[in-house]
Amino acid sequence: MMVVRSPDTGWPIWALVACTALGGSVGAALRATALNAASSTTDPAVVFALNLVGSIAVGAALGWGLRIDRPLWALLAPGFGGGLTTFSTVTVEVAIRLRDGQPVGALLLVVVMVGPTLAGAGLGWRLGLARRVALR
Amino acid sequence: MTVVAFALAAAAASAVRAGLGWRLNRHLPFGTLAANVLASFVVGVAVGTRPPDEVGGLAVLAVGGALGTWSALVNEVAVLLREDRPTAAAGYLAASLVLGVVAAAAGLAVGP
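Comments concerning the pattern of salt bridges
All names here are of chain A.
Now for step 1: With the rule as written, the count across this model stands at 3 salt bridges over all chains.
Now for step 2: In this structure, Arg99 engages Asp100 in a salt bridge whose closest nitrogen and oxygen atoms are separated by 3.3 Å.
Now for step 3: You can call Arg99 exposed: its relative accessible area is 54%.
Now for step 4: Under the relative-accessibility criterion, Asp100 is labelled partly exposed at 44%.

Encoded structure:
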């Protein structure tokens, strides 16, 4: 049977998909556990904390030199980071605020969610870079 | 049993999202954008049609959440900024948020 491989790294696609699925299920299980313990399953404070941690982790993986089509990247970034963080919960919370006539609350939620997580992505990247240099 | 079903569904959703990224993320991360907009609609429907604290609601939320991703979004924006493409970064972020909120609102409108 022919194995389809990544043209960039030579890794079989099935292995990369398996790593992504594994990381995704672990990250999503953690997210569900945290949100289940919260006051509501879309609690913006908990979602913020999860998104911040996941954004720093993926930034660190990038800075560390991990790239697409490698098993550890698949496990950590699209897998664990992707499963732990959530975009859709944020957009639904924003849409609910807009529907209920709270445009200021909606805008505030977006600003608070984007600003620190974007900064966290940059911070994670710097931390990863420092670690990569230290490893050499 | 719920946990196993949940983990399997989230695994599948993550693989679909990563697949979209592998296929469509080129000059701009269109694959992530597509996954996030689709996920926003799914979670909008889930929240709009049932109380989100029910077990079924939680499962759909978890799967819809795994289909979309926040960490890829902000890191792709950060990469575009590091590549000195501020217009692309701002446009990608704005397009994600606007299309995502519109999709979420459309999903919410499906509910009772």
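Brief notes about the interface of chain A and chain B
Now for step 1: On the side of chain B, 43 residues touch chain A, which itself brings 47 residues to the contact.
Now for step 2: Together chain A and chain B conceal approximately 3,400 Å² of surface at their shared face, both sides included; 74% is due to carbon and sulfur atoms.
Now for step 3: Contact with chain B buries surface across chain A, with Thr41(A), Phe87(A) and Leu118(A) losing the most and accounting together for 19% of the total.
Now for step 4: Our count for the chain A to chain B interface comes out at 0 salt bridges.
Now for step 5: Along the contact surface separating chain A from chain B lie 10 residue pairs in polar contact (both at pLDDT 80 or more).
Now for step 6: Residues belonging to the side of chain A that touches chain B are distributed by class as follows: 23 nonpolar, 21 polar and 3 charged.

A short note on the packing of helix α4 (residues 71-82) of chain B against helix α5 (residues 86-110) of chain B
Residue and element names in this part refer to chain B.
Now for step 1: Where α4 contacts α5, the two axes come as close as 7 Å, and the packing angle between them is 160°. When the interaxial angle is binned, α4 and α5 end up roughly antiparallel. At the point where α4 passes α5, the crossing takes the left-handed sense. In contact with Leu73, Glu76, Val77, Leu80 and Leu81 of α4, α5 contributes Pro86, Ala88, Ala89, Tyr92, Leu93 and Ser96.

Observations regarding helix α2 (residues 30-49) of chain B
Now for step 1: With 20 residues, α2(B) ought to run about 28 Å at 1.5 Å a step, and its terminal C-alpha atoms sit 29 Å apart, in line with that.
Now for step 2: Every buried residue belonging to α2(B) is among Gly31(B), Thr32(B), Leu33(B), Ala35(B), Asn36(B), Ala39(B), Ser40(B), Val43(B), Gly44(B), Ala46(B), Val47(B) and Gly48(B), and all of these are buried.

Observations concerning the layout of surface pockets
Now for step 1: Counted as a void, the largest pocket has a volume near 1,000 Å³.
Now for step 2: Taken together, 38 residues line the largest pocket, and the ones lying closest to its centre are Ile68(A), Trp73(A), Gly21(B), Asn25(B) and Glu76(B).
Now for step 3: If you list the elements that add at least two residues to the lining of the largest pocket, you get α2 (44-63) and α3 (71-84) of chain A together with α1 (2-24) and α4 of chain B.
Now for step 4: Per-element accounting of the lining of the largest pocket gives the leading share, 7 residues, to α4(B).
Now for step 5: In terms of residue class, the lining of the largest pocket is built from 17 nonpolar, 11 polar and 10 charged.

What counts as what
Residues numbered from 1 in each chain as written. Chains lettered and ligands numbered in written order. Predicted model: local features only at pLDDT ≥ 70, side-chain atom pairs only at ≥ 80, totals over all residues. Heavy atoms only, no water. Salt bridge = Lys/Arg side-chain N within 4 Å of Asp/Glu carboxyl O. Buried < 20%, exposed > 50% of the residue type's maximum accessible area, 1.4 Å probe, protein only. Contact = heavy atoms within 4.5 Å. Buried area = accessible area lost by both parts, 1.4 Å probe. Polar contact = N/O pair within 3.5 Å; in protein donor to acceptor, adjacent residues only side chain to side chain. Nonpolar A, V, L, I, M, F, W, Y, C, P; charged D, E, K, R; others polar. Axes fitted to C-alpha atoms, helices over the stretch in contact; angles between N-to-C directions. Helix = DSSP H or I, 4+ residues; strand = E, 2+ residues; numbered from the N terminus. Parallel < 35°, antiparallel > 145°, perpendicular 65-115°, else oblique. Left-handed = near helix turned anticlockwise from the far one by under 90°. Expected span 1.5 Å × (residues − 1). 1 Å grid on protein atoms, 1.4 Å probe; cavity = no way out; pocket = protein on both sides within 12 Å on 5 of 7 lines; lining within 4 Å. Points joined across faces, edges and corners; volume = space filled by probe spheres on them.

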